[in-house]
Amino acid sequence: MAGRIGMRTGEALVEGDKDYLCAEPEIVIGELDGPVGTALATLVGDQTKGHTKVFAILNSDVQVRPATLMVSKVTVASSRYTNILMGSVQAGIANGVLDAVRAGIIPKEKANDLGIIYSVWLDPSVLAVDPKEVDYQGLFNVNREATVKAIRKALANEPSIDWLLENQDKVTHYFHQLGVDGKL
């Protein structure tokens, strides 16, 4: 993958042992001097109440490379939700990006040339859990793992079109099946 990465997409699902412990990112990754860079810059400049876009950071003042912009799938309406999203979840994503570089999934020499737009989902049901009972380490872990998985899938073009065509009738969409079964 030494060549140019115009734009790739990926997604992942990683679940923990509690209902709210789920990471389900969708990502776009590509060169900063191409369409991904343009989209990333546009998103940074187009802040929207309830859907603030922020860079993945290890901690304040320590942004990761490749530049990774988190975009929330859920309208953020409470400071507690914000603190979890911009705490354990953001830290997990930032560490996952660096794990992908360390593992060679993202070539280290491309770290300053690529950008990632990261659509992040934190289950709002976490707000129903007593703050002292929230598994913050679990949130960190599922987001870290899901980040590496989504990046790996994006850069490997997975699933392949051949796999999709071969398995199309074998894969059932979970929520579609719940609706068919009258369980929604």
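See above for the structure.
Anyway, here's the lowdown on the structure attached to this text. (Residues numbered from 1 in each chain as written. Predicted model: local features only at pLDDT ≥ 70, side-chain atom pairs only at ≥ 80, totals over all residues. Heavy atoms only, no water.)

**Comments concerning the packing of helix α2 (residues 79-102) against helix α3 (residues 136-155)**
- One can describe the packing of α2 onto α3 by two numbers: an axis separation of 7 Å at closest approach and a directional angle of 40 degrees. The angle between the axes of α2 and α3 places the two elements in the oblique class. Note that α2 runs across α3; the crossing there is right-handed. Facing α2, whose interface residues are Ile84, Ser88, Val89, Ala91, Gly92, Ile93, Asn95, Gly96, Val97, Asp99 and Ala100, α3 presents Tyr136, Leu139, Phe140, Asn143, Arg144, Thr147, Val148 and Ile151.
- Looking at side-chain class alone, the contact of α2 with α3 contains 11 nonpolar, six polar and two charged residues. (Axes fitted to C-alpha atoms, helices over the stretch in contact; angles between N-to-C directions. Helix = DSSP H or I, 4+ residues; strand = E, 2+ residues; numbered from the N terminus. Parallel < 35°, antiparallel > 145°, perpendicular 65-115°, else oblique. Left-handed = near helix turned anticlockwise from the far one by under 90°. Contact = heavy atoms within 4.5 Å. Nonpolar A, V, L, I, M, F, W, Y, C, P; charged D, E, K, R; others polar.)

**Some thoughts on the sheet that holds strand β8 (residues 67-72)**
- Strand order in the open sheet formed by five strands is β1-β4-β9-β8-β5, and the pairing between neighbours is mixed. Strand pairing shows two members of the sheet lacking a second neighbour, β1 (8-11) and β5 (53-55), which therefore form its edges. Adjacent strand axes in the sheet meet at a mean angle of 20 degrees, parallel and antiparallel pairs treated alike.
- With four bridges joining them, β1 and strand β4 (residues 26-31) adopt antiparallel strand pairing. Opposite Arg8, over in β4, you have Ile29 as the bridge partner.
- Packed on one face of the sheet, helix α1 (residues 35-45) meets β4, β5, β8 and β9 (114-120) and runs near 55 degrees to β9.
- Across the sheet, α3 lies against β1, β4 and β9, angled at about 140 degrees from β1, the strand it touches most. (Pairing = 2+ DSSP bridges.)

**A short note on unusual backbone geometry**
- The omega angle of the peptide bond from Arg65 to Pro66 is -5 degrees, so this bond is cis rather than trans.
- In the segment running from Glu158 into Pro159, the intervening peptide bond is cis, with an omega of -5 degrees.
- Mapped onto the elements of the fold, Pro159 is located in the loop between α3 and α4 (161-167).
- Phi angles above zero are rare outside glycine, and Asp61 is one such case at about 80 degrees.
- Its place among the elements puts Asp61 in the loop between β6 (57-59) and β7 (62-63).
- One non-glycine residue with positive phi stands out, namely Asn157, at about 55 degrees.
- Within the fold, Asn157 resides in the loop between α3 and α4.

The values are spatial; any link to function lies outside them.
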